[in-house]
Amino acid sequence: MKINPYIQVQQLYNTKKVGETKKTNSVGRTDNVVISSIGREIQVAKQAVANAPDIREDVVAPIKTAVKNGTYEVSEESFADKLWKIAGEA
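Residues numbered from 1 in each chain as written. Predicted model: local features only at pLDDT ≥ 70, side-chain atom pairs only at ≥ 80, totals over all residues. Heavy atoms only, no water.

Q: Would you explain the overall build of the protein in this entry?
A: The helix and strand tally for the protein stands at 4 helices and 0 strands. The linear arrangement of helices and strands in the protein, starting from the amino end, is α-α-α-α. Expressed as a percentage of its 90 residues, the buried residues of the protein come to 1%. For the protein, the computed accessible surface area is about 9,700 Å², with 57% contributed by carbon and sulfur atoms. (Helix = DSSP H or I, 4+ residues; strand = E, 2+ residues; numbered from the N terminus. Buried < 20%, exposed > 50% of the residue type's maximum accessible area, 1.4 Å probe, protein only. Areas by Shrake-Rupley, 256 points an atom, 1.4 Å probe, with all protein chains shown as cover.)

Q: Is there a simple way to think about the confidence of the model for the protein in this case?
A: It should be kept in mind that the predicted coordinates are not to be read in detail where pLDDT is low. Looking at the protein as a whole, the pLDDT averages 82, with 73% of positions reaching at least 70. When mean pLDDT is compared element by element in the protein, helix H3 (residues 57-69) scores highest at 94, while helix H1 (residues 5-13) scores lowest at 65. (pLDDT = per-residue confidence, 0-100.)

Q: Teacher, can you tell me more about a negative patch on the surface here?
A: Where like charges cluster on the molecular surface, the negative patch consists of Glu 73, Glu 76, Glu 77 and Asp 81. Inspection of the secondary structure assignment puts Asp 81 in helix H4 (residues 76-89). With a relative accessible area of 53%, Asp 81 lands in the exposed category. (Patch = residues over 30% accessible without salt bridge, like charges linked within 9 Å, V, L, I, M, F, W, Y side chains within 5 Å. Salt bridge = Lys/Arg side-chain N within 4 Å of Asp/Glu carboxyl O. Lys, Arg positive; Asp, Glu negative; His and termini not counted. Charge placed at Lys NZ, Arg CZ, Asp CG, Glu CD.)

Q: What is the right way to read a nonpolar patch on the surface from this model?
A: Residues Val 59, Ile 63, Val 67, Tyr 72, Val 74, Phe 79 and Leu 83 make up a contiguous nonpolar surface patch of about 640 Å² in total accessible area. The set of elements that each furnish at least two residues to the nonpolar patch consists of H3 and H4. For the nonpolar patch, the element with the highest residue contribution is H3, accounting for 3 residues. Within the secondary structure, Val 59 sits in helix H3. Residue Val 59 is classed as partly exposed on the basis of its relative accessible area, which comes to 37%.

Q: Could you clarify how one ought to interpret H4 in this entry?
A: Compared with an ideal rise of 1.5 Å per residue, which puts 14 residues at 20 Å, H4 spans 20 Å between its outermost C-alpha atoms and is within 8% of the ideal. Counting buried positions along H4 yields 0 of 14 residues, so the element is predominantly exposed. (Expected span 1.5 Å × (residues − 1).)

What follows is the structure, encoded as structure tokens:
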């Protein structure tokens, strides 16, 4: 016996056929969209993130200069602490 799963799935979706649409009288009716204050704040936050640069040059430029000049130094304790914290999260 061969079972074709496509036919079974198709039968599920074909249980309700879409009939003709009826035109309704929409005189005096209007649709309104109201965005909550939280929704507006989310939109503002998304826009701020979209407008922010991927690289903060004001932070990166001094580090690049220090690395290029050979004057960039990393604290061993700070590096070890951060490495230990990362290892603990994994």
